[in-house]
2 protein chains.
Amino acid sequence: MSKQEVPYKIYLSEDEMPKAWYNLRADMKNKPAPLLNPGTLQPMTVEDLSPVFCEELAKQELDNDTKEIPIPDDIRNFYKMYRPSPLVRAYPLEQKLGTPAKIYYKFEGNNTSGSHKLNSAIAQAYYAKKQGLKGVTTETGAGQWGTALSMACSYMGLDCIVYMVKVSYEQKPFRREVMRTYGAKVTPSPSETTNIGKKILAEHPGTNGSLGCAISEAVEVATSTEGYRYVLGSVLNQVLLHQSVIGLETKAALDKYDIVPDVIIGCAGGGSNLGGLIAPFMGEKLRGEKDYRIVAVEPASCPSFTRGKFAYDFCDTGMVCPLAKMYTLGSDFIPSPNHAGGLRYHGMSTTLSQLYHDGLMDAVSVEQSKVFEAAEEFARIEGILPAPESAHAIAAAMAEAMKCKETGEEKTIVFGLTGTGYFDLVAYQKFNDGEMTDYIPGDDDLAESLAKLPNVDR
Amino acid sequence: MSKQEVPYKIYLSEDEMPKAWYNLRADMKNKPAPLLNPGTLQPMTVEDLSPVFCEELAKQELDNDTKEIPIPDDIRNFYKMYRPSPLVRAYPLEQKLGTPAKIYYKFEGNNTSGSHKLNSAIAQAYYAKKQGLKGVTTETGAGQWGTALSMACSYMGLDCIVYMVKVSYEQKPFRREVMRTYGAKVTPSPSETTNIGKKILAEHPGTNGSLGCAISEAVEVATSTEGYRYVLGSVLNQVLLHQSVIGLETKAALDKYDIVPDVIIGCAGGGSNLGGLIAPFMGEKLRGEKDYRIVAVEPASCPSFTRGKFAYDFCDTGMVCPLAKMYTLGSDFIPSPNHAGGLRYHGMSTTLSQLYHDGLMDAVSVEQSKVFEAAEEFARIEGILPAPESAHAIAAAMAEAMKCKETGEEKTIVFGLTGTGYFDLVAYQKFNDGEMTDYIPGDDDLAESLAKLPNVDR
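1. Section: the overall build of chain A
Step number 1: Within chain A, the secondary structure is distributed over 18 helices and 15 strands.
Step number 2: Compactness check: chain A gives a C-alpha radius of gyration of 20 Å against a globular reference of 23 Å for 458 residues, within 12% of the reference.
Step number 3: Its C-alpha atoms put chain A at 60 × 50 × 45 Å along the principal axes.
Step number 4: For chain A, the proportion of its 458 residues judged to be buried stands at 69%.
Step number 5: A separation of at least 24 residues holds for 77% of the contacts in chain A among residues at least 6 apart in sequence.
Step number 6: Surface accessibility of chain A: about 15,100 Å² in total, with carbon and sulfur atoms responsible for 48%.
Step number 7: For chain A, the centre of its 46 positive side-chain charges and the centre of its 58 negative side-chain charges are spaced 3 Å apart.

And the structure:
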C-alpha cells in the first residue's frame, strides 16, 4: 500500500475496539515467576492476595493460562469516552529527520488523566465496585496514575485515597488539584498518616519519598480500613493485562493497512505501557509466527533492566508486599532528586523481566537531558507536548530512524506515546532555562542497594 | 436512526475534512459594519490594514462576498495532525441528568494548545510565512491563543512575540513554559517594552492588564519592527472564517447520522469559537433553509452581548487599532481580578454583533461559580476537565437539557467544548477550596466605561 494511502491518524471504529484483553502469559513457555508470601516464601494464592486486592483482580494476577479475558461492557463503555486512541503516522517527523523509516506512534494522551493509565484504572475501579467496596487506596509518582484512578473512582462512585511521592507532589502542584476535582484525597508520601510513613520519616527526615514508600503507606491504609482495597497502576500482571488494549488496537490499526512493524519501542518504568503495547506482537513472537525487535527504554537514572539484577525483591520499601522476581535496583533505591517525571520504580514487571531474561526483548537507557531534547524537537514537529516518560520512547525511536537514514533501510518503527506533559512544566522550565542536569548512579550506589536484596533462592 | 447507532464519538475521515472555509458574511443580508480608520473615520481598505496585518489576511478580513475560501494544502496537512476533532455524544451526561434531550459536543481540546485557537493560528502563520515575514506579534489572555500561535509559528519557522495579560501570566505560570518550549518570547502586559505599555503603567500602576492593553503593545511592536505583522486570535472576521472548520465538521458529522440540532450553544468572548461553530447552521438560517436556536454564553463579569452597547468602539485600550461596530463594554473595561479564565475581551466580533442585533441569535450570561459547578460535574461524568471558557457553554447546555427534562422534549443540543482546563488549576483550586467568588459589574461601572465610547454615528 502506498505511503499516500495511510492517513495521518488511523482510527478504529468503536465496534473495532477489542472485546477481550489478551493475556500474554498464556503464550509464555517460561511463565513469570510467582509472587511469594514474604513470611512463608511460598507462592501467593488468591486467598493470600484477597485482603490487599479485589478478588477478581487477584484472580487475574495469578492467571497464567486464560488467553482472552472479556472486557465487561461497563468498562468498554467507559473506554468509548476516550478510545480507540489514534495510531499516528509521524509524517512531519519523518520528513524533518529525512529518514526512509516509517514512524508510527500510538497516542494514549488524549484523555484528562493524560496517559494510558486510565485503561487499567477503570478496570480496577470497576471490579472494586462490583465487589461492593467503599473505596481504594493507591500511590502515584508522576501523578498520571493517581489522576487516572481519581477519574475512574469518580465515575464508579468509589472513594479514592492517593499517596503521592513527595517530590512529585511538590513538582506538580496542579496534579493534586485535578485529583481533588475528581474527589480524591491526596497526601504527600511519606506522611504521618501511617505507621510505615512515620517510621520512614524518622529514619530519613527530609526524604523526597519514593514509589516503594508510597506503596507501603497505601497498602497499610487499605488493609487496615474496612471496605477498602489497594490498587496499583503498573508492574502487576493484571495491569499489563488491561493495558493490552493498547497493543491490540495498535495491531488492528496496522493490520487495516497491511503494515508489519520491524521495531516496537516503549518506555518502561514498571512496565504497564510497554507490556500493553507489545502484548499481541510478543504473542506472535512467542508462538513463532512473526519476529519483531522489541525495545524497552528506561531512564539512565533509574536503570532496572540495563543495570539491575534479576532476582526476588520486595515490591515496596516497607517490605509488606509480596516478593516478586524481577529486574530490580533494590527496594530502597530512590532516583536522584533531579530526576524529573515518572519511570522511577525500583523494579520491573515480572512478565517483562522474564521476557527480557529470555532474550525476547532489548533494553536501552537514555539520559534525562537527551530525553528533553527529543521531547522539545518532537513537540515542535508533531505538535504534541509529550510527557517526559513518553519522551524516552521518542528519543529511542528518533535514534532508530536516524540509523535508517545512515543505512537506507525503510524500517517501520512503532512507539508508544503514553502521555502528555502538561503537568511536567517545572521540568520543561528547567530544560528551557538550560538547568536540566543528568544523574547516573555510580556502581557503588547500585551495589549498596542491591546488597539488600532478600536471600531467596528460587 | 436509533440511539444505539450513534457512536460515542463521531469522527470524520481525513478526506471528509472541509476543503474550504465558509465565509458566513457572504450570506448575510446586513453585512457586519466596516472597520473604520480611527483618523479619518472612513472604512479601512486592504492598503490601510496591510501595515498591521498580512496582506492575504487583510483581504480575508474585508471580503464580505466570497462564500468559500479554499484551505491551502499546507494548512490542511497541519490540521490533519489534530483534526478532524470528534463530535461527542454525551451519553453519560444525558443518563446522569435523566434528560430526554440528546446532547452533543464538538471537542476542540485534543491538541497541545488545548483549544480551537490552533485552527486560526496555523492559517495566520501560514500567510505570514507566505508573505516572507520574519515574525508575528500578538496578545494572549487565558493563554490559549498564545500557545496556539507559538505552535503554529514553530511549525512554520516564524518568530513569535506574545504579550500576555499580566493577571493570566501570574495565574498560569506554566502557559509561559509551553510557549517557550515552542520558542516564543512571552512578556507580561502592560510592560516597559512599549510606549503604550509605559503610558498605561504610569496611569494605572499595579494594573492587572487587559486584552485591550496587550493588543496595543503587540500592534506597536509589529508596526515598528521590520518584517513583523500583528495577528489576533479572536474578534476579527478572518478568525471566524478560519474557525468555520469547527462548524463545517460538526455539520458533516451530524449529517452522517441524519441528525438535525434544535439548539446550538457556544461560549463567547471575542466570538472565535461561537462564530466558527455556528457558521454553516447560521448560513442555512440566513438563507431560510432551516431554523435553529443559537445561543451565545458569556461571563456575567464581562457581559458584552447582554449588557453592552452596539456601537463603534476602539478594539484596544491604546486606541491605535481600527474602530469596530460591535457590542462593547467600552475599550477600557477590565473584568474584576477574581474573574478566572478567558472570555475577558471588552467587545465582540462585528459579525456576531450584527447577527445578534438582527435577532438571529440569543445571548445569556452565567456567573463564575455556576460555571465551575458545571465544569466539575461535567469532568466527573464525561471524563474531560474543561477550560473555564468552555464550561460556560456546558452550564447553558445542561440548563437546556434540564428544561427538556421538565417539558419532556427530546431536543437535540449541540455545544462547543472549546478546550481543556489543564492550565486553569489555580482557578479550580479556588473552586475546590470553596473560595470561588462572583463579580457582576454594577450599572454605574458599565455606564462609566460606556461613556467613553467614541462619538461615531454610522
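2. Considerations on unusual backbone geometry
Step number 1: B:Arg83 connects to B:Pro84 through a cis peptide bond whose omega is -10°.
Step number 2: Cis rather than trans, the peptide bond between B:Ser189 and B:Pro190 has omega equal to 5°.
Step number 3: When you line up the elements, B:Pro190 lands in the loop between β8 (185-189) and α9 (195-203).
Step number 4: Within the chain, A:Val235 stands out as a residue other than glycine whose phi angle is a positive 65°.
Step number 5: Note that A:Val235 resides in the loop between β9 (228-230) and α11 (237-256).

3. As for the domain arrangement of chain A
All names here are of chain A.
Step number 1: According to the domain assignment, chain A consists of domain 1 (3-17 + 71-114 + 243-450) and domain 2 (33-68 + 117-237).
Step number 2: Distance from the C-alpha centre of domain 1 to the C-alpha centre of domain 2: 22 Å.
Step number 3: Taken together, the contact pairs 52 residues of domain 1 with 47 residues of domain 2.
Step number 4: With both sides pooled, the region where domain 1 packs onto domain 2 buries about 4,000 Å², and carbon together with sulfur makes up 62% of that total.
Step number 5: On the surface where domain 1 and domain 2 come into contact, there are one salt bridge.
Step number 6: Residue Asp424 is joined to Lys172 by a salt bridge in which the shortest nitrogen-to-oxygen separation is 2.5 Å.
Step number 7: Our count for the domain 1 to domain 2 interface comes out at 15 residue pairs in polar contact (both at pLDDT 80 or more).
Step number 8: Among the secondary structure elements, those contributing two or more residues to the side of domain 1 that touches domain 2 are α3 (73-79), α11, β12 (309-314), β13 (323-328), α14 (350-357) and α17 (425-432).

4. Some remarks on the side chain of B:Thr194
Residues and elements named next belong to chain B.
Step number 1: Along the chain, Thr194 turns up in the loop between β8 and α9.
Step number 2: Polar side-chain contacts of Thr194 include one of 2.6 Å to the side chain of Glu217.
Step number 3: The residues touching Thr194, leaving out its near neighbours within four places in the chain, are Tyr163, Glu217, Glu220 and Val221.

5. Observations concerning the packing of helix α15 (residues 368-382) of chain B against helix α16 (residues 388-407) of chain B
Residue and element names in this part refer to chain B.
Step number 1: Between α15 and α16, whose axes approach to 8 Å, the crossing angle comes to 85°. Taken together, the axes of α15 and α16 are roughly perpendicular relative to one another. Here Lys370, Val371, Phe372, Ala374, Ala375, Glu377 and Phe378 of α15 come into contact with α16, specifically with Pro388, Ala391, His392, Ile394, Ala395 and Met398.
Step number 2: Residues belonging to the contact of α15 with α16 are distributed by class as follows: ten nonpolar, one polar and two charged.

6. Some words on the pattern of salt bridges
Residue and element names in this part refer to chain A.
Step number 1: Throughout the structure, instances matching the rule amount to 56 salt bridges over all chains.
Step number 2: A salt bridge links Glu16 to Lys256, with the nearest nitrogen and oxygen atoms 3.1 Å apart. Of the two residues, Glu16 is situated in the loop between β1 (9-10) and β2 (20-22) and Lys256 in helix α11; the sequence distance between them amounts to 240 residues.
Step number 3: For Lys256, a relative accessible area of 42% translates into the label partly exposed.
Step number 4: Between Lys106 and Glu249 there is a salt bridge, with its nearest N and O atoms 2.7 Å apart.

7. Topic: the sheet that holds strand β10 (residues 263-267) of chain B
Residues and elements named next belong to chain B.
Step number 1: Strand order across the open sheet formed by seven strands is β1-β4-β5-β15-β10-β11-β14, with mixed pairing between neighbours. Both edges of this open sheet fall to β1 (9-10) and β14 (362-366), since each of them pairs with a single strand only.
Step number 2: As paired elements, strand β4 (residues 87-89) and strand β5 (residues 102-107) share three bridges and run antiparallel to each other. Looking at the pairing, Leu87 lines up with Lys106 of β5.

8. Examining the state of the cysteines
Step number 1: A complete count under the given rule lists zero disulfides over all chains for this structure.
Step number 2: A:Cys321 provides the cysteine sulfur closest to A:Cys213, a residue in no disulfide bond, and the two sulfurs are 12 Å apart.
Step number 3: For A:Cys213, a relative accessible area of 3% translates into the label buried.
Step number 4: Residue B:Cys153 stays outside any disulfide, its sulfur separated by 4.1 Å from that of B:Cys160, the closest cysteine.
Step number 5: When its relative accessible area of 1% is taken as the criterion, B:Cys153 is described as buried.

9. Some details on the pairing of β10(B)
Residues and elements named next belong to chain B.
Step number 1: With five of five residues buried, β10 lies mostly within the body of the structure.
Step number 2: Across the two faces of β10 the burial is the same, with Val263, Ile265 and Cys267 and Ile264 and Gly266 all buried.
Step number 3: At this point the chain moves from β10, through helix α12 (residues 272-286), to the parallel strand β11 (residues 293-299), and the crossover so formed is right-handed.
Step number 4: By the bridge criterion, three bridges tie β10 to strand β15 (residues 412-417) in an arrangement that is parallel. Note that in β15 the partner of Val263 across the bridge is Ile413.

10. Quick word on helix α18 (residues 443-450) of chain B
All names here are of chain B.
Step number 1: Residues Leu446, Ser449 and Leu450 constitute the buried set of α18. Viewed along the axis of α18, the buried residues span an arc of 100°, placing them on a single side of the element. Of the residues in α18, the exposed ones pointing more than 90 degrees away from the buried face are Asp444 and Glu448.
Step number 2: Here the buried face of α18 lies against α13 (304-307), β12 (309-314) and β13 (323-328).

11. Considering the interface of chain A and chain B
Step number 1: Contact residues are listed per partner, giving 42 residues for chain A and 42 residues for chain B.
Step number 2: Roughly 4,000 Å² is buried in total at the junction of chain A and chain B, and carbon and sulfur atoms are behind 55% of that figure.
Step number 3: A per-residue breakdown of the area chain A buries against chain B is headed by A:Phe174, A:Thr181 and A:Tyr422, which together make up 17% of the total.
Step number 4: Our enumeration of links across chain A and chain B arrives at four salt bridges.

12. Re the environment of A:Thr250
Residue and element names in this part refer to chain A.
Step number 1: Its place among the elements puts Thr250 in helix α11.
Step number 2: Sequence separation between Thr250 and Glu177 is 73 residues; the distance between their C-alpha atoms is 32 Å.
Step number 3: With near-sequence residues (within four places) excluded, Thr250 lies in contact with Leu87, Lys106, Leu277, Phe281 and Val414.

13. Concerning the relation of the copies chain A and chain B
Step number 1: When chain A is fitted to chain B, the residual RMSD is 0.0 Å, and the transformation amounts to a turn of 180° plus an axial shift of 0.0 Å. On this basis, the relationship between the two copies can be described by a two-fold rotation axis. Identified as the residue of chain A closest to the rotation axis by C-alpha distance is A:Asn110, at 3.0 Å.

14. A few points about helix α16 (residues 388-407) of chain A
For the α-helix, the turn length of 3.6 residues means that residues three or four positions removed from each other point alike.
Residue and element names in this part refer to chain A.
Step number 1: The end-to-end C-alpha distance of α16 is 29 Å, a good match for the 28 Å that 20 residues give at a rise of 1.5 Å each.
Step number 2: Burial analysis of α16 places 14 of its 20 residues in the buried class, which makes it a mostly covered element.
Step number 3: Positioned one or two residues after α16, Gly408 has a phi angle of 80°, which is positive.

15. A few points about the sheet that holds strand β7 (residues 159-165) of chain B
Residue and element names in this part refer to chain B.
Step number 1: Reading across from one edge, β8-β7-β6-β9 is the order of the four strands in this open sheet, with parallel pairing throughout. The two strands at the open ends of the sheet, each matched to only one other strand, are β8 and β9 (228-230). Sheet twist, expressed as the mean angle between neighbouring strand axes with direction ignored, is 20°.
Step number 2: Judged from the six bridges that link them, strand β6 (residues 135-140) and β7 form a sheet pairing that is parallel. Looking at the pairing, Val136 lines up with Cys160 of β7.
Step number 3: Each of β6, β7, β8 and β9 is contacted by helix α10 (residues 211-224), which is oriented at about 170° to β6, the strand it contacts most.

Criteria and thresholds
Residues numbered from 1 in each chain as written. Chains lettered and ligands numbered in written order. Predicted model: local features only at pLDDT ≥ 70, side-chain atom pairs only at ≥ 80, totals over all residues. Heavy atoms only, no water. Helix = DSSP H or I, 4+ residues; strand = E, 2+ residues; numbered from the N terminus. Rg over C-alpha atoms; globule rule 2.2 N^0.38 Å. Buried < 20%, exposed > 50% of the residue type's maximum accessible area, 1.4 Å probe, protein only. Contact = heavy atoms within 4.5 Å. Areas by Shrake-Rupley, 256 points an atom, 1.4 Å probe, with all protein chains shown as cover. Lys, Arg positive; Asp, Glu negative; His and termini not counted. Charge placed at Lys NZ, Arg CZ, Asp CG, Glu CD. Domains from an automatic or database assignment. Buried area = accessible area lost by both parts, 1.4 Å probe. Salt bridge = Lys/Arg side-chain N within 4 Å of Asp/Glu carboxyl O. Polar contact = N/O pair within 3.5 Å; in protein donor to acceptor, adjacent residues only side chain to side chain. Axes fitted to C-alpha atoms, helices over the stretch in contact; angles between N-to-C directions. Parallel < 35°, antiparallel > 145°, perpendicular 65-115°, else oblique. Nonpolar A, V, L, I, M, F, W, Y, C, P; charged D, E, K, R; others polar. Pairing = 2+ DSSP bridges. Disulfide = S-S within 2.5 Å. Right-handed = clockwise from strand over helix to strand, strands pointing away. Arc of directions from axis to C-beta. Least-squares fit on C-alpha atoms with pLDDT ≥ 70 in both. Expected span 1.5 Å × (residues − 1).

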